[in-house]
Amino acid sequence: MNQHLPNPDKPNTRTKRLNAESTVQREHAESSSNRERAHTGHASARASGDEKRVEDATRSNDREGKRALSPEERRAKAQAQTEQKAFGASGRPTGGKKRKQRKPNFITRTVNAWCNRLLGAVSDRSLAEQEEEYAAHRTTRDFVWNTVGVGIWGMVFPILTIVVTQLVGVEQAGMFSLAFVTGLMLMFVANYGVRAYQVSDINEEHSFSDYQINRILTCIIMIIAGVSYCAIRGYTDSMLLISVGVYLYKMIDGLADVYEGRLQQVDKLYLAGISQGFRSIVVVVVFSVVLFVSRNLEAASIAMAIAAAATFLFLTFPLALFETPKSRTWSFGSVFDLLKQCFPLFVALFMYNLIDNMPKFVMEGVLSYDNQLYFNALYFPAHGILLTAGFIYKPLLLRMANVWADPAKRKRFDLIIVVILAAIVVMTLAMVLIMGSIGLPVMSFLYGIDFSPFRELCFIMLAAGGVTAAIEFVYQVITVLRRQKAVMKLYLITFGFSLFIPILLINFTGLPGAVIGYLIVMCILFVLLIWEYFRIRYEMSRQNAAEKAETGAHTARNAAREKRLAREDAEFSSYGNHAPRSRAHASADVLSGKKTSPKADAGSDAKAASKADEGRGNHSKR
């Protein structure tokens, strides 16, 4: 008899293992089913707000776990609990500890709020009818954000020049510098000298729509002038594409300026500073990234223009419409009058910019492109003086216009001018100390070029920068006085000097001649502007003195007439009431401001004398 036959009442080891595995699988399936039912119960309970369902689902799940379990079932349950802790009810990894949901930071909240506001306004087609959300009359905020915006905008040119020098070399950096300088000069065509006139238009004689139409016209003229200049200079291929990209970027800068001027006009200068700073940062980042990836200066220049256009459409344009009162419609007559009124400002600014950049244009035909880089690198610290001075006086232009409008505060206006000119002198001396100590080594590190041989030229350029800042400020003062037409002849005279002084010096000495000639020409212009300002004030003082003298003489004549009539009334009061009545009429005429001719006065005096004689005769008869 076989002793190894299987006994059904005593299962062997293989059968035990198979039974244990099937039990584990069954328990695992039941546990998964229970988890799904519990999860479904929780979800439905939360959706319906029924807390009783949550408790029932939890209690049912607990009853399933309280029955007697075999060792294999306990191991399967422990494994299921481990998986649930690791993956959660949704099946996604939880990473053990439950993470706390983070709140969005300030930048994220601001961007989301702006996007929602912009999309809502676009969908409603009511950009100009949105409720304002930002307050005006924030002087501290105006100073801070205007300083940040103008500072970043002023740093765009030097930063981009450094990037180009490091990535594609000195020669192409010189080409880019010349294109940027030309773009800055053309931007004055787009601005048309309107910004100072716009922010000092306190009574809004011209609507904002008039300023917008004016700016669109001048931007079109700018692009036509830029393309014509490239054709005249014979630019092709690389230089042509670089110039077009830079010109388009500066056109967007000029177009945005009228909207930022509108924000300043309603005393929200800080928003204008934010817009300007944001656009400048985006331009620098996009240009640098594209140039780093492609090593193609033409592509980076075009990308810079596209980035500037995007920031204008998504920030500057809607912000100006959101945060300013809705403008009345434009009129052709008002736009034409604006063009006529600002034409002297445009000519003066364009001539000034041409004078300021004449050494660079002369160098293009005489020296190599790397000298453009050296000249601009030395000019950047001097330009910093101009920008710093602008931080101080530009927020004060509106208040200076208000001070000048009150004749009793003219001395305060003169005091403001003296203080700001003194501040420019202090800033120039401070910049000389900085550049003499650490400035030149830092420049050498940034550009990868040794600037120590240019130490003396750097100090000359800083002096020229201080003079330039003073010129810009005095010009703004003359604009506030509404005497901008008088400046045109001064710029024409200085332009004549700028035609031959830089040419002679550059041909003889090269780059040092360009720097020295620049200082000489700027000093000539500054002296002429100061002379013009004193001439304007002298004329106004004479006019005020003449008006006061005329008023005093008229008052003295009225007082003498009153005294004469009073004397006559006292002398002849006993001879009737004619003289007092004539005095009353004369007094009424004086008080009402009526003027009598000398003949009328003589006639009235003769009549009074005849009546007095008649009265004396009657008295003698009696």
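Residues numbered from 1 in each chain as written. Predicted model: local features only at pLDDT ≥ 70, side-chain atom pairs only at ≥ 80, totals over all residues. Heavy atoms only, no water.

> Is there a simple way to think about a nonpolar patch on the surface in this case?
A cluster of nonpolar residues, Ile-493, Phe-497, Leu-499, Phe-500, Leu-504 and Phe-508, forms a patch on the protein surface that exposes about 600 Å² of accessible area. The exposure class of Leu-499 is partly exposed, given its relative accessible area of 39%. (Patch = residues over 30% accessible without salt bridge, like charges linked within 9 Å, V, L, I, M, F, W, Y side chains within 5 Å. Areas by Shrake-Rupley, 256 points an atom, 1.4 Å probe, with all protein chains shown as cover. Salt bridge = Lys/Arg side-chain N within 4 Å of Asp/Glu carboxyl O. Buried < 20%, exposed > 50% of the residue type's maximum accessible area, 1.4 Å probe, protein only.)

> How should I be thinking about unusual backbone geometry in this particular structure?
Where the residue is not glycine, phi is negative for most of them; where a peptide bond is considered, it is trans in most cases. One non-glycine residue, Asp-237, lies in the positive phi region at around 55 degrees. Within the secondary structure layout, Asp-237 lies in helix 9 (residues 237-265). Here the phi dihedral of Arg-295 falls at roughly 55 degrees; this positive angle occurs in a residue that is not glycine. For Arg-295, the location among the structural elements is in the loop between helix 10 (269-294) and helix 11 (297-322). Among the residues examined, Arg-295 registers a relative accessible area of 42% and is labelled partly exposed. (Helix = DSSP H or I, 4+ residues; strand = E, 2+ residues; numbered from the N terminus.)

> Explanation requested: the pattern of salt bridges in the structure shown.
Once the charged atoms of two side chains with opposite charge are near each other, the side chains can pair. Enumeration over the complete set of coordinates arrives at 10 salt bridges. Measuring nitrogen to oxygen at the nearest pair gives 2.7 Å for the salt bridge that ties Asp-257 to Arg-195. Taken together, the positions of Asp-257 in helix 9 and Arg-195 in helix 7 (residues 194-199) put the pair 62 residues apart, joining distant regions of the chain. Judged by relative accessible area, which is 13%, Asp-257 ranks as buried. Taking the relative accessible area as the measure of exposure, Arg-195 reaches 23% and is therefore partly exposed.

> When you look at the layout of surface pockets in this model, what are you seeing that I'm missing?
To find the voids left in a structure, one rolls a probe of water-molecule size over its atoms. Its boundaries defined by the atoms lining it, the largest pocket holds a volume of some 870 Å³. Forming the walls of the largest pocket are 27 residues, and the residues nearest its centre are Thr-110, Val-111, Ile-274, Phe-278 and Leu-315. Going through the elements one at a time, helix 4 (106-124), helix 5 (139-168), helix 10 and helix 11 are the ones with two or more residues in the lining of the largest pocket. Looking at which element gives the most residues to the lining of the largest pocket, the answer is helix 4, with 10 residues. Tallied by class, the residues present in the lining of the largest pocket amount to 21 nonpolar, four polar and two charged. (1 Å grid on protein atoms, 1.4 Å probe; cavity = no way out; pocket = protein on both sides within 12 Å on 5 of 7 lines; lining within 4 Å. Points joined across faces, edges and corners; volume = space filled by probe spheres on them. Nonpolar A, V, L, I, M, F, W, Y, C, P; charged D, E, K, R; others polar.)

> Honestly, the side chain of Thr-494 in this entry has me stumped. Any pointers?
Secondary-structure assignment places Thr-494 in helix 17 (residues 488-509). A distance of 2.9 Å separates a polar side-chain atom of Thr-494 from the backbone oxygen of Leu-490. Contacts of Thr-494, omitting those with residues within four sequence positions, involve Ile-355, Val-521, Leu-525 and Leu-528. (Polar contact = N/O pair within 3.5 Å; in protein donor to acceptor, adjacent residues only side chain to side chain. Contact = heavy atoms within 4.5 Å.)

> Explain the environment of Val-163 here, please?
Following the sequence through the fold, Val-163 ends up in helix 5. Between the C-alpha atom of Val-163 and that of Val-284, which follows or precedes it by 121 residues, the distance is 9.5 Å. Ignoring anything within four residues of it in the chain, the contact list for Val-163 reads Ser-288 and Leu-291.

> Sorry, what's going on with the nonpolar core here?
A general tendency of soluble globular proteins is for nonpolar side chains to be buried together. Counting 130 residues, the largest nonpolar core has Phe-176, Phe-287, Phe-413, Phe-451, Tyr-491 and Leu-529 as the members making the most contacts within it. When residues no more than four places from it in sequence are discounted, the contact partners of Phe-413 are Met-400, Val-403, Trp-404, Val-477, Val-480, Leu-481 and Tyr-533. The next biggest cluster of nonpolar side chains, apart from the first, holds 11 residues, and it includes Leu-118, Leu-269, Leu-271 and Ala-272. (Core = buried A, V, L, I, M, F, W, Y, C linked by side-chain atoms within 4.5 Å.)

> Looking at this structure, I do not really get the environment of Val-480. What am I missing?
Following the sequence through the fold, Val-480 ends up in helix 16 (residues 455-480). For Val-480, a relative accessible area of 12% gives the class buried. Val-480 sits 75 residues away from Ala-405 along the chain, and the two C-alpha atoms are 9.7 Å apart. Not counting residues within four places of it along the chain, the set of residues in contact with Val-480 comprises Leu-397, Met-400, Ala-401, Trp-404 and Phe-413.

> In this structure, what is going on with the packing of aromatic side chains? I would like to understand it.
Centre-to-centre distance and the angle between the planes together describe a pair of aromatic rings. What the rule picks out here adds up to 24 aromatic pairs. Between the aromatic rings of Trp-114 and Phe-322, the centroid separation amounts to 5.5 Å while the plane-to-plane angle is 65 degrees, which identifies the pairing as edge-to-face. On the criterion of sequence distance, the pair formed by Trp-114 in helix 4 and Phe-322 in helix 11 is long-range, its members being 208 residues apart. This pair shows no difference in class: Trp-114 is buried, exactly as Phe-322 is. The structure contains a cluster of three or more aromatic residues connected by ring pairs, namely Phe-157, Phe-176, Phe-180, Tyr-249, Phe-287 and Phe-380. Sitting above the plane of the Tyr-270 ring, Arg-141 keeps its charged end 5.0 Å from the centroid. (Phe/Tyr/Trp six-rings, centres within 6.5 Å; stacked < 30°, edge-to-face > 60°. Lys NZ or Arg CZ within 6 Å of the ring centre and 35° of its normal.)

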